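Listed below are the residues making up each chain.
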2 protein chains.
Amino acid sequence: MTDSTTPTGTIYLLPVALSDSGDLRCVLPDINFTIVRGIRFFVVENLRSARRFLKKCDRSIDIDTLTFFTLNEHTNPAEIPEMLAPALAGNDIGVISEAGCPAVADPGADLVAAAQSRGIRVMPLVGPSSILMGLMGSGFNGQSFAFAGYLPVDSAARTATLKEMERRINRERQTQIFIETPYRNNRLVEELCRTLPDSMLLCIASDITGENQNITTLPISKWKKRKYDYSHKPTIFLLYR
Amino acid sequence: MTDSTTPTGTIYLLPVALSDSGDLRCVLPDINFTIVRGIRFFVVENLRSARRFLKKCDRSIDIDTLTFFTLNEHTNPAEIPEMLAPALAGNDIGVISEAGCPAVADPGADLVAAAQSRGIRVMPLVGPSSILMGLMGSGFNGQSFAFAGYLPVDSAARTATLKEMERRINRERQTQIFIETPYRNNRLVEELCRTLPDSMLLCIASDITGENQNITTLPISKWKKRKYDYSHKPTIFLLYR
């Protein structure tokens, strides 16, 4: 909790584009640009892409007058509290991840947790999410779904995870959503075709919001016969029956 | 699959606002309004709120020249294929639900599934989602999370569901997300305080994007002592440790 005599700033969670192609204004509401222009302190996953995003929001932003903290998988968690110091002093902070919505599948969540535990106001803004947009486009159950991040790399753990997903689809009617390192996407599809029942539905949603967006739902039996190439493309995978 | 000589239309999934207060332009990108203006056929969860949304998008839209199909929990699933007829004839179709993103927690998913099985292109647009924005603002694990819709009403099933959620938080580090009928929100918070361990973190995200937005994460021990009133307010609940 903060001292009630010091009004704290707000932590704005600023989504960015999923795809390099295309106009930011196709994926972000106008208000996001207005808010970005008013922020002087940023916590960013990647400094270079965050600067590029800010320049795309408004060419007139003077990047050199802004303060940036980097928060990624290499950051020592002990450094997080000091990133909140500007907010405790009354300044707003913008959080920017490499793609999509901050704090959903990146280290921004630790910063938000630290802000919440100090009573600092957190404000998520609207933007593109491959998880949500993949789910919308899949036709799968949106009343119950789970996102699992990356499948385990270890082969036995991977098989066990896929078995458990199959069980949750059948017992709980829970849509299963996951991702893969992009250069392994094709191998993952082959593996799903080899290990899942023919009738299981697989949705592959690729380059969402990009020029080559493709969201295709087919049973495994049809994926087996289909030509595809998702290698190195940002892609999300969904399973249901 | 469609006859390759007939180019089919696209099914646009058009998010709407979560809250009645506030400007649509704060929650939807500009491109959404441009796309809406070009669509003549709509599948909507609620006719009245869909008309109001279209008028808010653009006062000059002549609603009476548009064709609407209603798709909600009372719709016979056998009627869904005919709703896709305009798309098979080359027209775009807009899908609009009562709040937030279509096909995520409403019957639009069945329409999308029917479109996918016919090879009709599906295009989700960006918009506000209380699930995603609640997750962003909670500070909880966004690498692994599950949305369960409503908790069961039956008391034994409800307790079992909460126990299973607790297990998935502890074993899988999976954030648990759910909703309640708004008039029962306060009773749900009391129940969570009574049945969950003191150290469990509960995030209550209320009126997201609205004037009274409040996203608060606290351990159960602190919620027990806190004053709150979420009755009749659109609210989403998240659990983690």
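All values derive from a computational prediction rather than experimental measurement. (Residues numbered from 1 in each chain as written. Chains lettered and ligands numbered in written order. Predicted model: local features only at pLDDT ≥ 70, side-chain atom pairs only at ≥ 80, totals over all residues. Heavy atoms only, no water.)

Novice: Explanation requested: the packing of aromatic side chains in the structure shown.
Specialist: Ring pairs (aromatic) are described by centroid distance and by the angle formed between their planes. This structure, assessed with the given rule, holds 14 aromatic pairs over all chains. Relative to Phe147 of chain B, the ring of Phe145 of chain A has its centre 5.7 Å away and its plane inclined at 40 degrees; by these criteria the two rings are tilted. Residue Phe145 of chain A is located in strand β6 (residues 145-150), and its partner Phe147 of chain B is located in strand β6 (residues 145-150); the two belong to separate chains. Comparing Phe145 of chain A with Phe147 of chain B, the two get one shared label, buried. With a centroid separation of 6.3 Å and 75 degrees between ring planes, the pair formed by Trp223 of chain B and Tyr228 of chain B is classed as edge-to-face. Judged by its relative accessible area of 0%, Trp223 of chain B is buried. On the basis of relative accessible area, Tyr228 of chain B is assigned to the partly exposed category, the value being 25%. Each member of the aromatic cluster is reached from another via a ring pair, and the members are Trp223, Tyr228 and Tyr230 of chain A. Over the face of the ring belonging to Phe33 of chain A we find Arg25 of chain A, whose NZ or CZ atom lies 4.0 Å from the ring centre. Note that Arg226 of chain B overlies the ring of Trp223 of chain B, its terminal NZ or CZ placed 5.6 Å from the centroid. (Phe/Tyr/Trp six-rings, centres within 6.5 Å; stacked < 30°, edge-to-face > 60°. Helix = DSSP H or I, 4+ residues; strand = E, 2+ residues; numbered from the N terminus. Buried < 20%, exposed > 50% of the residue type's maximum accessible area, 1.4 Å probe, protein only. Lys NZ or Arg CZ within 6 Å of the ring centre and 35° of its normal.)

Novice: Would you take a moment to explain the sheet that holds strand β10 (residues 235-240) of chain B for this structure?
Specialist: Backbone hydrogen bonds are what pair the strands of a sheet, in a parallel or an antiparallel way. Read across the sheet, 10 strands follow the order β9(A)-β8(A)-β10(A)-β7(A)-β6(A)-β6(B)-β7(B)-β10(B)-β8(B)-β9(B) without closing on themselves; strand pairing throughout is mixed. This sheet does not close on itself; its edge strands, each paired only once, are β9 (214-219) of chain A together with β9 (214-219) of chain B. Here the strands of the sheet are splayed against their neighbours by 15 degrees on average, with no regard to which way each runs. Sheet topology places β6 of chain B next to strand β7 (residues 175-179) of chain B; four bridges connect them, and they run parallel. The residue of β7 of chain B that forms the bridge with Phe145 of chain B is Thr175 of chain B. (Pairing = 2+ DSSP bridges. Axes fitted to C-alpha atoms, helices over the stretch in contact; angles between N-to-C directions.)

Novice: Got a minute to help me understand the relation of the copies chain A and chain B in this structure?
Specialist: Look at the two chain copies: a rotation about an axis and a shift along it is all it takes to match them. At an RMSD of 0.0 Å, chain A and chain B line up after a rotation of 180 degrees and a shift of 0.0 Å along the axis. Here the symmetry operator amounts to a two-fold rotation axis. Taken as a fraction of all interface residues of chain A, those also at the interface in chain B reach 100%, which identifies the copy contact as same-surface. (Least-squares fit on C-alpha atoms with pLDDT ≥ 70 in both. Contact = heavy atoms within 4.5 Å.)

Novice: Just checking my understanding: could you explain the interface of chain A and chain B for this structure?
Specialist: How big an interface is tends to be expressed through the accessible area that disappears when the partners come together. Each partner contributes residues to the interface: chain A has 53 residues there, and chain B has 53 residues. Roughly 4,100 Å² of surface becomes buried between chain A and chain B when both sides are summed, with 58% attributable to carbon and sulfur atoms. At the boundary of chain A with chain B, the tally comes to two salt bridges. With its nearest N and O atoms 2.6 Å apart, the salt bridge here joins Arg168 of chain A to Glu172 of chain B. (Buried area = accessible area lost by both parts, 1.4 Å probe. Salt bridge = Lys/Arg side-chain N within 4 Å of Asp/Glu carboxyl O.)

Novice: Would you mind showing me how to read the environment of Gly9 of chain B here?
Specialist: Residues and elements named next belong to chain B. Locating Gly9 in the fold gives a position in the segment before β1 (10-13). Once the C-alpha coordinates of Gly9 and Asn91 are considered, the two residues, 82 residues apart in sequence, prove to be 4.4 Å apart. With residues near it in sequence (within four places) discarded, Gly9 still touches Ala87, Gly90, Asn91, Asp92, Ile120 and Arg121.

Novice: I would appreciate a short explanation of the sheet that holds strand β2 (residues 41-44) of chain B in the present structure.
Specialist: All names here are of chain B. Reading across the sheet, the five strands line up as β3-β2-β4-β1-β5 and stay open at both edges, with parallel pairing between neighbours. Unpaired on one side and paired on the other, β3 (67-70) and β5 (121-124) mark the two borders of the sheet. Neighbour-to-neighbour, the strand axes of the sheet open up by a mean angle of 20 degrees, direction not taken into account.

Novice: Would you take a moment to explain the pattern of salt bridges for this structure?
Specialist: Two side chains bearing opposite charge may form a pair once their charged atoms approach each other closely. All names here are of chain A. Applying the stated criterion across every chain yields a total of 18 salt bridges over all chains. Measuring nitrogen to oxygen at the nearest pair gives 2.1 Å for the salt bridge that ties Glu164 to Arg167. Here Glu164 pairs with Arg167, and both are found in helix α7 (residues 155-172), just three residues apart, close to one helical turn.

Novice: Looking at this model, I keep getting lost on the confidence of the model for chain A. Mind explaining?
Specialist: Interpretation of the predicted coordinates at a detailed level should be avoided for regions scoring low in pLDDT. Averaged over every residue, the pLDDT of chain A is 93; the share at 70 or more is 97%. The ipTM value of the predicted complex is 0.94, and its pTM value is 0.94. (pLDDT = per-residue confidence, 0-100.)

Novice: I keep staring at helix α2 (residues 47-57) of chain A and nothing clicks. Help me out?
Specialist: Given 3.6 residues per helical turn, the α-helix brings residues three or four places apart onto the same face. Residues and elements named next belong to chain A. All buried positions along α2 are accounted for by Ser49, Ala50, Phe53, Leu54 and Cys57. In a view along the axis of α2, the buried residues occupy a sector of 140 degrees, so they form one face of it. Among the structural elements, α1 (30-37), β2 (41-44), β3 (67-70) and β4 (93-96) are those in contact with the buried residues of α2. The opening residue of α2 is Asn46, an N-cap whose side-chain oxygen sits 3.0 Å from the backbone nitrogen of Arg48. (Arc of directions from axis to C-beta. Polar contact = N/O pair within 3.5 Å; in protein donor to acceptor, adjacent residues only side chain to side chain.)

Novice: Any chance you could explain unusual backbone geometry here in plain terms?
Specialist: The general pattern is negative phi for most residues beyond glycine and trans for most peptide bonds. Its identity is not glycine, yet Arg173 of chain A carries a phi of approximately 50 degrees, on the positive side. Examined against the element boundaries, Arg173 of chain A turns out to sit in the loop between α7 and β7 (175-179). Here Thr209 of chain B, not a glycine, exhibits a phi torsion of approximately 70 degrees, which is positive. Tracing the backbone through its elements, the reader meets Thr209 of chain B in the loop between β8 (201-206) and β9. Here Thr209 of chain B falls in the partly exposed class, since its relative accessible area comes to 22%.

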